[in-house]
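Chain by chain, the residues:
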Amino acid sequence: MSLLAQVQEDMKTAMKAKDKQTLGVVRQIKSAVMNEQINLGHDLTEEEELSVLSREVKQRKESIAEFKEGGRDDLAEATQAELDVLAKYLPAQLSEEEIKQIVAAAIEKAGATSPKDMGKVMGIVSAQTKGRADGKVVADTVKKALAN
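Computed from a predicted model, the values in this text were never measured in an experiment. Here the residue numbers are simple positions, counted from 1 along each chain's written sequence. Per-residue local features of the predicted model are confined to residues with pLDDT of at least 70, and side-chain atom pairs are confined, for both listing and counting, to 80 or more; whole-chain, interface and lining totals are unaffected and use all residues. Computation of side-chain values covers all heavy atoms of the structure but excludes hydrogens and water.

**A look at the overall build of the protein**
Phase 1: Of regular secondary structure, the protein possesses seven helices and zero strands.
Phase 2: Secondary structure elements of the protein occur, N-terminal to C-terminal, as α-α-α-α-α-α-α.
Phase 3: Along the first, second and third principal axes, the C-alpha atoms of the protein reach 55 × 40 × 25 Å.
Phase 4: For every residue, the accessible area (1.4 Å probe, protein chains only) is compared with the maximum for its type, and the residue is labelled buried under 20%, exposed over 50%, or partly exposed between those bounds. The proportion of buried residues among the 148 residues of the protein is 35%.
Phase 5: Working note: accessible area of the protein is about 9,400 Å², and carbon and sulfur atoms make up 51% of it. Counting from the N terminus, the helices are the DSSP runs of H or I reaching at least four residues and the strands are the DSSP runs of E reaching at least two. Where accessible areas are quoted, they stem from the Shrake-Rupley method and a 1.4 Å probe; at the residue level, only the protein chains shown are allowed to cover.

Okay, structure coming up:
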C-alpha cells in the first residue's frame, strides 16, 4: 500500500475516532505528499515519499528544540505528540551499533583516513541509511570514527 493510500485510511480512522491530534498530523502528511507530487509532476516513488516524511520529521525536531529553548514546554509536548504520529509512517530506525557498522564499512570502502574524507564517507553512508537514521547522528558517528 502506498503512503498516500495508508494516510487516507488513517485519516478515515482518525475522523471516526474523533482523534483531532492524529487527524491534524495525517492531514499535514497528506498535504506535504500531495504538494511534492504536484511539484514533481508525477506519482512519488517510495524513496521520494520517505524524503517527504524525513523532511516533516526534521521540521518537528527543530521546532521541539526551539520551543524548549524558548521555555515553551507546552508547545514542545504538542509537537512531540505530532512527531510520535509521524514516526509510525517511517521505516524502523537503525540502532547506534548498526550505524557504526555501516560507517566502518563505508570508511573501508572509501579508503578514508582523516576527517578530510568525511564527504566521501557521508555520501556512501547516507545512501544506505536514508530515512532509517537521523543525519545528525550519522554525521557525528562518521566524525568520531574518522577522528580515531
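**Quick look at unusual backbone geometry**
A negative phi angle characterises most non-glycine residues, just as the trans form characterises most peptide bonds.
Phase 1: Unlike most non-glycine residues, lysine 18 shows phi in positive territory, near 55°.
Phase 2: Mapped onto the secondary structure, lysine 18 falls in the loop between α1 (3-17) and α2 (20-40).
Phase 3: Relative accessible area serves as the criterion here: at 71%, lysine 18 is assigned to the exposed category.

**Regarding α2**
Phase 1: Working rule for helices: expected span equals 1.5 Å times residues minus one. Over its 21 residues, α2 runs 30 Å from end to end, which matches the ideal 30 Å to within 8%, given 1.5 Å per residue.
Phase 2: Of the residues making up α2, those classed as buried are Thr22, Leu23, Val25, Val26, Ile29, Ala32, Val33, Glu36 and Gln37.
Phase 3: The contact criterion used throughout is that any non-hydrogen atoms of two residues lie within 4.5 Å. Contact partners of the buried residues in α2: α1, α3 (46-69) and α4 (73-87).
Phase 4: Where α2 terminates, the next one or two residues include glycine 41, which has phi positive at roughly 80°.

**Considering the packing of α2 against α4**
Phase 1: Here an axis means a line fitted to C-alpha atoms, over the contact stretch when the element is a helix, while the angle between two N-to-C directions is reported on a 0 to 180 degree scale. In the contact formed by α2 and α4, the axes pass within 9 Å of each other and the chain directions differ by 65°. In this structure, α2 meets α4 at a crossing whose hand is right-handed. Judged by residue contacts, Gln21, Thr22, Val25, Gln28 and Ile29 of α2 engage Ala78, Ala81, Glu82, Val85 and Leu86 from α4. Crossing handedness follows the turn of the near helix against the far one: under a right angle anticlockwise gives a left-handed crossing, and clockwise gives a right-handed one.

**So, the side chain of arginine 60**
Phase 1: Tracing the sequence through the fold places arginine 60 in helix α3.
Phase 2: Aside from chain neighbours lying at most four places away, what touches arginine 60 is Gln28, Thr79, Glu82, Leu83 and Leu86.

**Thoughts on the nonpolar core**
Phase 1: Residues Leu3, Val7, Ile29, Val33, Leu53, Leu86 and Tyr89 are the most contacted members of the largest nonpolar core, which totals 23 residues.
Phase 2: When contributions to this core are tallied by element, the ones reaching two or more residues are α1, α2, α3 and α4.
Phase 3: In terms of residue count, α2 provides more of this core than any other element does, six residues in total.
Phase 4: Aside from chain neighbours lying at most four places away, what touches leucine 3 is Val33, Glu49, Leu53 and Tyr89.
Phase 5: Side-chain atoms within 4.5 Å link the members of a nonpolar core, which is a set of buried Ala, Val, Leu, Ile, Met, Phe, Trp, Tyr and Cys residues. Formed by 17 residues, the second largest nonpolar core is a distinct cluster that contains Ile99, Val103, Val121 and Val125.

**Details of the environment of glycine 24**
Phase 1: Residue placement: glycine 24 occurs in helix α2.
Phase 2: With relative accessibility at 29%, the residue glycine 24 sits in the partly exposed group.
Phase 3: Separated by 21 residues in the primary sequence, glycine 24 and leucine 3 place their C-alpha atoms 16 Å from one another.

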